[in-house]
Amino acid sequence: MDSTKLVTNNLSIVPYYDYKKPKHLTPEYYQVSTSMSMTVPVSQLNAVLGKVAQVSGVTIDGIAFQTKDVEKLEIKALEMATEKARKKADAISKLEDLKDLKVKTMNTSVNRPPVPFFRGEAMMATVAAEPSVTPSSVSVTASITVTYTATPR
């Protein structure tokens, strides 16, 4: 496993005091927690999971599948949404006998829902024994609101 692909997302160090000893203002102990993420090619996922699951004290909370070319997917989704909006506007303008259809305003939004692979006790036992995780599909959706102007025929 390449440690350069391992990223610490957050680190928390919390001191715990024994308040029954008011004159003793040093912590009794510290609770340290962190979450880490790593980017792993799908072809190496099961091997890496097997190694991580063997580390004492490590809990795998979930796996999120993503794609490298998410911007390409977003652009394609926006192109498709724009095309659909234009076809609908053309159909409406034909029904209403309008011409010179032009875009006045356009608002877009893109949604990339995560594709999680949640842990469970059974899954953790499976990962520890012999990982066999299959990635899910990654999707991108786009919505578009377009205001058109037109003139009567």
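The following refers to the structure shown.

Basis of the calculations
- Residues numbered from 1 in each chain as written.
- Predicted model: local features only at pLDDT ≥ 70, side-chain atom pairs only at ≥ 80, totals over all residues.
- Heavy atoms only, no water.
- Helix = DSSP H or I, 4+ residues; strand = E, 2+ residues; numbered from the N terminus.
- Buried < 20%, exposed > 50% of the residue type's maximum accessible area, 1.4 Å probe, protein only.
- Contact = heavy atoms within 4.5 Å.
- Areas by Shrake-Rupley, 256 points an atom, 1.4 Å probe, with all protein chains shown as cover.
- Phe/Tyr/Trp six-rings, centres within 6.5 Å; stacked < 30°, edge-to-face > 60°.
- Core = buried A, V, L, I, M, F, W, Y, C linked by side-chain atoms within 4.5 Å.
- Salt bridge = Lys/Arg side-chain N within 4 Å of Asp/Glu carboxyl O.

1. Focus on the overall build of the chain
From N to C terminus, the chain includes three helices and six strands. With 153 residues in all, the chain has 17% of them scored as buried. In the chain, once contacts between residues fewer than 6 apart in sequence are set aside, the share between residues at least 24 apart is 74%. Entry remark: accessible area of the chain is about 11900 Å², with carbon and sulfur atoms responsible for 54%.

2. Re the packing of aromatic side chains
On inspection of all chains with the given rule, the structure shows one aromatic pair. Between the aromatic rings of Y16 and Y29, the centroid separation amounts to 5.1 Å while the plane-to-plane angle is 10°, which identifies the pairing as stacked. Taken together, the residues span a long stretch of sequence, with Y16 in strand β1 (residues 6-16) and Y29 in strand β2 (residues 29-38) at a distance of 13 residues. The class of Y16 is partly exposed, set by a relative accessible area of 32%.

3. With respect to the side chain of S93
Structurally, S93 can be placed in helix α2 (residues 70-95). In this structure S93 touches L98 and L101, once residues within four positions along its chain are discounted.

4. Structural notes on the environment of S33
Turning to its location among the elements, S33 is positioned in strand β2. As a C-alpha pair, S33 and I13 span 20 residues in sequence and 6.7 Å in three-dimensional space. Setting aside residues no more than four positions away along its own chain, S33 makes contact with N10, L11 and S12.

5. Points about the nonpolar core
Counting residues in each nonpolar core, the largest one holds seven residues, listed as L45, V48, L49, V52, I60, I63 and F65. For this core, the secondary structure elements donating two or more residues are α1 (45-53) and β3 (62-65). Sort the elements by how many residues they give to this core and α1 lands first, with four residues.

6. Things to note about the side chain of E74
Tracing the backbone through its elements, the reader meets E74 in helix α2. Take E74: its relative accessible area is 16%, and that puts it in the buried class. When neighbours within four sequence positions are excluded, E74 is seen to be in contact with V110, R112 and V140.

7. Focus on unusual backbone geometry
With a phi angle near 55°, D97 is a residue other than glycine that sits in the positive phi range. Secondary-structure assignment places D97 in the loop between α2 and β4 (98-111). Even without a glycine there, the phi angle at D100 is positive, about 55°. In this structure, D100 sits in strand β4.

8. Quick notes on the pattern of salt bridges
Pairing is possible between side chains of opposite charge, provided their charged atoms come close. Using the criterion set out here, one finds three salt bridges in the structure. D90 serves as the salt-bridge partner of R86, at 3.2 Å between the closest nitrogen and oxygen. Taken together, the residues R86 and D90, both in helix α2 and four residues apart, mark about one turn of the helix. For R86, a relative accessible area of 32% translates into the label partly exposed. For D90, a relative accessible area of 34% corresponds to the partly exposed category.

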